[in-house]
Amino acid sequence: MNSEPFNLHSERLLLREFTVDDAPQLFALYEDADVMRYTGEEPFTSVAAVEQFLSEYPYYERDGFGRWAVIDRRSDEFLGFCGLRRDNPTPEVDLGFRFFRRFWFQGYATEAARAALSTGFGAFGLTEIIGRTMRENLASTHVLKKLGMTFREVVEEDGLFWLIYSIDQETFARQPAPAVP
Ligand SMILES: CC(C)(COP(=O)(O)OP(=O)(O)OC[C@H]1O[C@@H](n2cnc3c(N)ncnc32)[C@H](O)[C@@H]1OP(=O)(O)O)[C@@H](O)C(=O)NCCC(=O)NCCS
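Now for a description of the structure that goes with this document.

### A look at the overall build of the chain
In terms of regular secondary structure, the chain is built from seven helices and eight strands. On C-alpha atoms alone, the chain measures out to a radius of gyration of 16 Å, which is about the 16 Å that the 2.2 N^0.38 rule sets for 181 residues. For the chain, the spread of C-alpha atoms along the three principal axes comes to 40 × 40 × 35 Å. Looking at the chain as a whole, 28% of its 181 residues are labelled buried. Here the contacts in the chain between residues at least 6 apart in sequence split such that 56% fall between residues at least 24 apart.

### A short note on unusual backbone geometry
One non-glycine residue, Asp76, lies in the positive phi region at around 70 degrees. Judged by the 8 C-beta atoms lying within 10 Å of it, Asp76 falls in the exposed class. The phi dihedral of Asp158 is positive, around 50 degrees, even though this residue is not glycine. When you line up the elements, Asp158 lands in the loop between β7 (150-157) and β8 (160-168). Accessibility expressed as a C-beta count within 10 Å gives 5 for Asp158, which makes it exposed.

Scoring rules and cut-offs
- Residues numbered from 1 in each chain as written.
- Predicted model: local features only at pLDDT ≥ 70, side-chain atom pairs only at ≥ 80, totals over all residues.
- Helix = DSSP H or I, 4+ residues; strand = E, 2+ residues; numbered from the N terminus.
- Rg over C-alpha atoms; globule rule 2.2 N^0.38 Å.
- Buried ≥ 20, exposed ≤ 12 C-beta atoms within 10 Å, placed from the backbone.
- Contact = placed C-beta atoms within 7 Å.

As structure tokens, then:
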């Protein structure tokens, strides 16, 4: 059966599955050293490398969810990405977000992440979602806390310290509705 690609909406944002056509935007996002500073990841080497990555992206088909492109519903601009990902070898699902610098401080990460958590706990029936953030990444840590996540542990990998936050379905459901930005 060939079903429609998954997408979801929030007040200002559309979260939709990446397509290969998003490669130039994703390449540009990964080119900015300020965006990448606390991600532990490297930029792509070319737009073609991103096309390859997106064409082989396994998560939507395997789990139904993955990282989603975040689009401004009014202007249709590509702002960045946000979404859920189940990474082997652990069965845990983690929340991630990354936006072009010019869109920071406007509440987009929080809004997109709330939509992602809501659909993760709702449509996808998850019981717990974690957030991993580098110890130095104060903005990301702040977003995780705003979402109602609580600190679980710190994990060291190759000299980098990652804070693990988490939230379960019941705690998320008990939260008051957020104010409209
Ligand atoms: C982390 C990131 C996604 C936040 O996006 P954003 O859209 O600016 O986030 P929001 O506007 O929803 O919320 C950010 C909050 O952090 C706060 N904040 C920002 N920088 C901060 C800092 N250095 N120290 C403390 N708080 C900070 C903001 O004031 C805001 O809180 P408020 O709403 O209470 O004022 C964005 O900075 C980003 O893309 N960073 C690079 C990629 C990254 O590090 N991703 C996460 C790890 S993979």
